Amino acid sequence: MPTVLEIRALSKSFPGVQALAGVDLTVERGECHALLGENGAGKSTLIKAVCGFHRADSGTMLLDGATYDPATPHDAMSAGIRVVYQEFNLLSYLSIAENIFFDRLPRNGVFVDYPRLYREAQNVLDRIGLDASPRTPVELLGVAQMQLVEIAKALSADCKVLIFDEPTATLSPKDSGRLFDIIRQLKSEGIGIIYISHHLNEIYEVADRLTVLRNGETIGTRNVDGTTIPEIVKMMVGRSMESEYPFSEDVRPNEKVIFETRNLQFKGSAHKVSFQLHEGELLGISGLVGSRRTETLRALFGADPKIAGEVFIHGERFDIRSPRDAVAAGLSLLTEDRKSQGLILDMPLFQNTTMAALDKASAHGFMDRREERRATEQYVAELSIKTPSIQQLCRNLSGGNQQKAVLAKWLYRDSRIIFFDEPTRGIDVGAKYEIYLLLWDLIAGGKGVLIVSSDLNELMGVCHRILVFSNGKIAGEIARKDFSQEKILGYAYQEYLK
């Protein structure tokens with residue numbers, strides 16, 4: 001197949017960071033090319049250069065054999081480069097059709113030609129198999145349908161290269177399968193596809209070749225067939241990982257109960273929840289989407305009001321009505337959305353590190369910059385946070401390092417009980433392993449950690465015990481020796497099958 005996009009020796013630097021260092025990549029027509037690498041490897045910078053958000057410092061790009069150098073995103077779109085981002089860029093109050101053709105609405109004089117708009121939108125929807133009226137407001141759609149609208153936007157004009165950035169992050173397995181079918185169809189139409197994902201098993205579904213970046217450099221390009229996941233991981237992280245999950249039989253919880261909730265009930269739930277967390281224990285919570293796992297954590301932390309229930313920490317009863325009460329009691333919550341709820345992205349790392357314990361980082365009403373620096377440098381070293389300096393804005397950290405920054409904030413607060421909601425979502429395999437090691441360091445030091453995760457393998461890989469939620473109640477408790485996906489899913493569906 002002829003090459004549609006060729007990147008040669010592309011380099012790009014920012015103050016203190018060499019983001020790309022001579023990257024090479026070729027994408028053929030009708031090919032799905034997986035772009036892999038840890039957070040901070042250079043994938044996002046490369047894609048932004050292709051899409052006209054960044055101008056490369058050196059190197060060349062060719063599109064259909066002609067020099068390609070977009071100065072703006074509009075240049076890239078006009079040339080046939082389209083992106084479907086993990087976070088949707090849709091206007092919820094407009095219709096599907098208006099979103100698809102927002103920047104080029106067909107007009108009859110000065111007025112929008114709505115009959116033509118709906119006809120052309122329907123043609124695109126038929127192409128991708130979205131069974132919805134083009135008149136439907138986007139706010140009425142589900143997540144999977146919204147993603148199909150994003151794909152429809154990309155395909156509504158001439159598209160030579162379509163880039164998917166973590167497309168299955170919020171999709172169910174069924175919806176992911178449907179997406180893979182659409183990608184296969186687009187390949188058959190001759191569209192070149194760049195596919196970015198941290199879920200390495202997905203590339204075997206749709207990708208033909210893969211390229212791995214590490215520290216801004218091209219490590220290598222391989223055919224997907226014949227390349228194993230351990231080989232890919234070694235290319236990504238520069239080392240072999242004997243086990244994806246560093247579980248240690250030597251680290252076991254003791255009998256001491258450090259956290260307990262009795263008969264917790266919150267708005268929207270008809271059931272009451274009771275469980276215990278032991279000192280040195282890694283307790284997992286599993287369940288289907290909608291099983292009220294996250295809502296349970298938020299109610300325990302005081303972020304959402306509860307109707308009933310008691311909380312005991314180290315045997316002492318606490319009345320937790322707000323996050324302030326929870327923090328004062330020694331609890332911490334690392335939310336699923338670390339960007340909007342865990343960090344202030346436009347503040348530097350050192351200020352994010354100390355903001356949950358300003359009393360420790362201040363004296364006589366003024367911030368103690370020396371203490372802020374000392375504490376942040378300590379956690380940068382202990383947690384291996386990759387940053388050019390503690391002055392770096394958290395917005396510019398990779399996903400894995402943002403997660404470590406949130407953890408540093410709570411460790412500085414000296415929280416003894418840590419709630420983690422989806423601790424490794426959107427984090428690459430190398431950073432995941434580092435997060436797991438940090439969790440084990442925490443429980444080895446006597447802390448208690450509770451993890452909510454949609455990844456069953458993750459829970460079975462790192463936890464001592466798993467609670468399975470089903471429709472707002474604990475349907476089952478599974479000890480490590482009894483872990484199996486079948487048992488977890490059996491409990492998870494229990495309340496829905498009645």
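For the structure, see preceding data.
If you're wondering where the values come from, they're calculated on a predicted model, not measured in any experiment.

With that out of the way, let us pick up the overall build of the protein chain. A tally of regular secondary structure across the protein chain gives 17 helices and 24 strands. For 498 residues, the compact-globule estimate of 2.2 N^0.38 gives 23 Å, and the protein chain sits close to it at 24 Å. Counting only C-alpha atoms, the protein chain reaches 70 × 55 × 50 Å along its principal axes. Looking at the protein chain residue by residue over its 498 residues, the buried ones come to 52%. Side chains of the protein chain give 58 positive and 65 negative charges; the mean places of these two sets differ by 3 Å.

On the basis of which strands lie adjacent, the open sheet formed by six strands has the order β18-β21-β22-β15-β23-β24 and mixed pairing. Two strands bound the open sheet, and with one partner strand each, they are β18 (331-334) and β24 (473-479). Direction aside, the axes of adjacent strands within the sheet are offset by 20° on average. As paired elements, β18 and strand β21 (residues 417-421) share four bridges and run parallel to each other. Residue pairing for β21: Leu331 is matched across the bridge by Ile417. Along the sheet face, helix α9 (residues 293-300) touches β15 (282-287), β18, β21, β22 (448-452) and β23 (465-470) and points at about 150° away from the line of β21. Contacts from helix α14 (residues 399-412) reach β18 and β21 within the one sheet, and its direction differs from that of β18 by about 170°.

Moving on, we get to the packing of helix α4 (residues 114-128) against helix α5 (residues 143-155). Contact geometry for α4 and α5: axes closest at 9 Å, N-to-C directions at 115°. Considering only the axes of α4 and α5, their crossing is right-handed. Of the residues in α5, those in contact with Val124, Leu125, Arg127 and Ile128 of α4 are Leu148, Ile151, Ala152 and Leu155. A class-by-class count of the residues in the contact of α4 with α5 yields seven nonpolar, no polar and one charged.

Aromatic rings in a pair are described by how distant their centres are and how their planes are angled relative to each other. Applying the stated criterion to the full structure yields five aromatic pairs. Here the aromatic rings of Phe259 and Phe275 are separated by 6.2 Å at their centres, their planes lie at 45°, and the arrangement is tilted. Of this pair, Phe259 sits in strand β13 (residues 257-266) while Phe275 sits in strand β14 (residues 273-278), placing them 16 residues apart in sequence. The exposure classification of Phe259 matches that of Phe275, with both residues buried. Following the ring pairs from residue to residue traces out a cluster consisting of Phe259, Phe275 and Phe419. Over the face of the ring belonging to Phe312 we find Arg262, whose NZ or CZ atom lies 4.0 Å from the ring centre. Over the face of the ring belonging to Tyr412 we find Lys360, whose NZ or CZ atom lies 4.3 Å from the ring centre.

The strands that make up a sheet pair up through hydrogen bonds in the backbone, lying either parallel or antiparallel. Taken in spatial order, the six strands of this open sheet run β6-β9-β10-β3-β11-β12, and their pairing is mixed. Of all strands in the sheet, those bounded by a partner on one side alone are β6 (81-84) and β12 (217-223). Within the sheet, the average angular offset between the axes of one strand and its neighbour, ignoring direction, is 20°. Both strand β3 (residues 32-36) and strand β11 (residues 209-214) contribute to a ladder of four bridges, which runs parallel.

Time to look at the nonpolar core. One broad trend across soluble globular proteins is that nonpolar side chains are buried collectively. Counting 74 residues, the largest nonpolar core has Phe259, Leu331, Leu407, Phe419, Leu439 and Val449 as its most contacted members. When residues no more than four places from it in sequence are discounted, the contact partners of Val449 are Leu277, Glu281, Leu282, Leu283, Ile418, Phe420, Leu439, Leu442 and Ile443.

Working note: α-helix, 3.6 residues per turn, so residues spaced by three or four point in the same direction. The first and last C-alpha atoms of helix α13 (residues 369-382) sit 20 Å apart over 14 residues, in line with the 20 Å expected at 1.5 Å per residue. On its buried face, α13 sits against α12 (349-354), β20 (366-367) and α14. Among the residues of α13, the N-terminal cap falls to Asp368, whose side-chain oxygen and the backbone nitrogen of Arg370 are separated by 3.1 Å. Ser384 occupies a position one or two residues after α13 and carries a positive phi of about 55°.

The backbone of Asp64 shows a phi angle near 55°, a positive value even though the residue is not glycine. Turning to its location among the elements, Asp64 is positioned in the loop between β4 (58-63) and β5 (66-67). Unlike most non-glycine residues, Glu422 shows phi in positive territory, near 50°. Its relative accessible area of 7% is what places Glu422 among the buried residues.

Within the structure shown, the criterion is met by 25 salt bridges. A salt bridge links Arg127 to Glu189; its shortest N-O distance comes to 2.5 Å. Taken together, the residues span a long stretch of sequence, with Arg127 in helix α4 and Glu189 in the loop between α6 (173-188) and β10 (192-196) at a distance of 62 residues. What emerges from the salt-bridge pattern is a single network uniting Arg29, Asp64 and Lys160.

Our next topic: the environment of Asp455. With respect to the helices and strands, the residue Asp455 is situated in the loop between β22 and α16 (456-462). In this structure Asp455 comes out as partly exposed when scored by relative accessible area, which is 26%. Between the alpha carbons of Asp455 and Arg425 there is a distance of 9.0 Å; along the sequence they are 30 residues apart. Residues in contact with Asp455, not counting those within four places in the same chain, are Tyr245 and Lys432.

Packing of α5 against α6 brings their axes to within 11 Å, and their N-to-C directions diverge by 15°. One way to sum up the angle between α5 and α6 is to call them roughly parallel. When you trace α5 past α6, the crossing you get is right-handed. Between α5, through Ala144, Gln147, Leu148, Ile151 and Leu155, and α6, the contact on the second element is made entirely by Asp175, Arg178, Leu179, Ile182 and Leu186. A class-by-class count of the residues in the contact of α5 with α6 yields seven nonpolar, one polar and two charged.

The rules behind these values
Residues numbered from 1 in each chain as written. Predicted model: local features only at pLDDT ≥ 70, side-chain atom pairs only at ≥ 80, totals over all residues. Heavy atoms only, no water. Helix = DSSP H or I, 4+ residues; strand = E, 2+ residues; numbered from the N terminus. Rg over C-alpha atoms; globule rule 2.2 N^0.38 Å. Buried < 20%, exposed > 50% of the residue type's maximum accessible area, 1.4 Å probe, protein only. Lys, Arg positive; Asp, Glu negative; His and termini not counted. Charge placed at Lys NZ, Arg CZ, Asp CG, Glu CD. Pairing = 2+ DSSP bridges. Axes fitted to C-alpha atoms, helices over the stretch in contact; angles between N-to-C directions. Contact = heavy atoms within 4.5 Å. Left-handed = near helix turned anticlockwise from the far one by under 90°. Nonpolar A, V, L, I, M, F, W, Y, C, P; charged D, E, K, R; others polar. Phe/Tyr/Trp six-rings, centres within 6.5 Å; stacked < 30°, edge-to-face > 60°. Lys NZ or Arg CZ within 6 Å of the ring centre and 35° of its normal. Core = buried A, V, L, I, M, F, W, Y, C linked by side-chain atoms within 4.5 Å. Expected span 1.5 Å × (residues − 1). Polar contact = N/O pair within 3.5 Å; in protein donor to acceptor, adjacent residues only side chain to side chain. Salt bridge = Lys/Arg side-chain N within 4 Å of Asp/Glu carboxyl O. Parallel < 35°, antiparallel > 145°, perpendicular 65-115°, else oblique.

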